[in-house]
Amino acid sequence: MAGTAPAVGWVPSAVQQERLAYRRARGRRSTLVALASTLACAAVAALALTSAPGWPRVRASFFDPEVALASLPEVLDGLWLNVRVMAVCAVVIVVVALGLALARTLRGPAFLPLRVLATAYVDVFRGLPLLLVLLLVGFGVPGLRLQGVPASAVVLGGVALVLTYSAYVAEVFRAGIESVHPSQVAAARALGLTRGQALRHVVLPQAVRRVVPPLLNDLVALSKDSGLISILGAVDAVRAAQIQTATHANFTPYVVAGVLFVLLTIPLTRFTDALARRSGWLGTQGALAGAGALR
């Protein structure tokens, strides 16, 4: 219509503008206080470390730049072995753990042997320290002298990792499966789906989505524990650092290996935290009240 004034966009009131300015000021103040406190704590820690009587010797023994650069290529090659072991073991662990979880959630007297075996497996390997499993598998299996059984330290170390971590991941999967309310299974059965179809199309998709954050946490732990295969003789990052330490008569290669492991796990950890926040997993129990086993 001619003569109509153009529409004016929303303009916050003076009170709202004061609130926004106050919030911005509080945000800047909080950032400055956090930065100052962090710098102060770092300065105190650095002062306490460098003022220790043995700091010069520790610095020469653990933080030698020349030794770090000389040992870095060998330790990196060993870390690549850790990454490959972690990747292969992670796939096998998921498959084995899912099978164990399904076996533990089966119902009916005919499946009692499977439930007992799966429960015994989980109880045993959750109770055994990983280091002990590595020693038993790494030195016990070759002692059997079975035909066709690999004697490689990398393979045997991977088997020990799979045996141990499958027990933990199986419980994660079982918690996810049992968190799906039985009414959903009943609804699927009412629509004509069999138990197997209900499990495949209704239960497992929901269970897997719910347990992704804890599964990623187990992956982070696996990436660190893959360094334990060095006790069987595999030349991974830890073993390479040990060799370089003996070569240079200096402990700096161990620090190099530790830094590389931290750099490997930090992205996984941040991705896990972001995914947990996105899925609403943080601060929740990850299960519905009243959830029961699959029937």
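Residues numbered from 1 in each chain as written. Predicted model: local features only at pLDDT ≥ 70, side-chain atom pairs only at ≥ 80, totals over all residues. Heavy atoms only, no water.

(A) Molecular detail of the nonpolar core. Core analysis: the largest hydrophobic core is formed by 45 residues, its most contacted members being C89, I93, L161, F173 and L222. The contacts of L161, once residues within four sequence positions are left out, are V85, C89, I93, L130, S166, L222, D225, S226 and I229. Counting residues in each nonpolar core, the second largest holds eight residues, with L79, A241, A257 and F261 among its members. (Core = buried A, V, L, I, M, F, W, Y, C linked by side-chain atoms within 4.5 Å. Buried < 20%, exposed > 50% of the residue type's maximum accessible area, 1.4 Å probe, protein only. Contact = heavy atoms within 4.5 Å.)

(B) Structural detail: the side chain of N82. In this fold, N82 is placed in helix α3 (residues 65-105). Note on N82: relative accessible area 1%, which makes it buried. At a separation of 3.1 Å, a polar atom in the side chain of N82 contacts the main-chain carbonyl oxygen of S226. Polar side-chain contacts of N82 include one of 3.0 Å to the backbone nitrogen of A237. Setting aside chain neighbours within four positions, we find N82 in contact with S226, G227, I229, D236, A237 and F261. (Helix = DSSP H or I, 4+ residues; strand = E, 2+ residues; numbered from the N terminus. Polar contact = N/O pair within 3.5 Å; in protein donor to acceptor, adjacent residues only side chain to side chain.)

(C) Spatial organisation of a nonpolar patch on the surface. Residues V58, F62, F63, F251 and Y254 make up a contiguous nonpolar surface patch of roughly 430 Å² in combined accessible area. For F62, the position within the fold is in helix α2 (residues 55-62). Judged by relative accessible area, F62 falls into the partly exposed class, the value being 32%. (Patch = residues over 30% accessible without salt bridge, like charges linked within 9 Å, V, L, I, M, F, W, Y side chains within 5 Å. Areas by Shrake-Rupley, 256 points an atom, 1.4 Å probe, with all protein chains shown as cover. Salt bridge = Lys/Arg side-chain N within 4 Å of Asp/Glu carboxyl O.)

(D) Inspection of the packing of aromatic side chains at higher detail. Counting across every chain of the model gives four aromatic pairs. Aromatic pair W55 and F63: ring centres 6.0 Å apart, planes at 40°, arrangement tilted. The exposure class assigned to W55 is buried, which follows from its relative accessible area of 14%. What makes F63 partly exposed here is its relative accessible area of 43%. An aromatic cluster of at least three residues, connected via ring pairs, comprises F62, F251 and Y254. (Phe/Tyr/Trp six-rings, centres within 6.5 Å; stacked < 30°, edge-to-face > 60°.)

(E) Looking closely at helix α9 (residues 237-248). Its twelve residues give α9 an end-to-end C-alpha distance of 16 Å, which sits within 8% of 16 Å, the value for a rise of 1.5 Å per residue. Looking only at α9, the buried set comprises A237, A240, A241, Q244 and T245. For α9, the angular spread of the buried residues around the axis is 140°, confining them to a single face. In the stretch just after α9, A249 is the one whose phi turns positive, near 55°. (Expected span 1.5 Å × (residues − 1). Arc of directions from axis to C-beta.)

(F) Summary view of unusual backbone geometry. Even without being glycine, A249 reaches a positive phi, approximately 55°. In this fold, A249 is placed in the loop between α9 and α10 (252-279). Residue A249 is classed as exposed on the basis of its relative accessible area of 70%.

(G) Structural detail: the packing of α3 against helix α4 (residues 112-127). One can describe the packing of α3 onto α4 by two numbers: an axis separation of 8 Å at closest approach and a directional angle of 130°. It follows from the interaxial angle that α3 and α4 lie oblique. Helix-helix and strand crossings are classified by hand; for α3 and α4 the assignment is left-handed. Packed against α3, whose contacting residues are L100, A103 and R104, the element α4 presents L114, R115, A118, T119, Y121 and V122 at the interface. Residue composition of the contact of α3 with α4, grouped by class: six nonpolar, one polar and two charged. (Axes fitted to C-alpha atoms, helices over the stretch in contact; angles between N-to-C directions. Parallel < 35°, antiparallel > 145°, perpendicular 65-115°, else oblique. Left-handed = near helix turned anticlockwise from the far one by under 90°. Nonpolar A, V, L, I, M, F, W, Y, C, P; charged D, E, K, R; others polar.)

(H) Expanded view of the packing of helix α6 (residues 153-179) against helix α8 (residues 195-225). Their axes nearest at 8 Å, the elements α6 and α8 cross at an angle of 155°. Classified by the angle between their axes, α6 and α8 sit roughly antiparallel to one another. In this structure, the crossing between α6 and α8 has a hand that is right-handed. Note on element contacts: α8 touches α6 through V203, L204, A207, V208, R210, V211, P214, L215, D218, A221, L222 and D225, opposite L161, Y165, V169, V172, F173, G176, I177 and S179. Broken down by class, the residue content of the contact of α6 with α8 amounts to 15 nonpolar, two polar and three charged.

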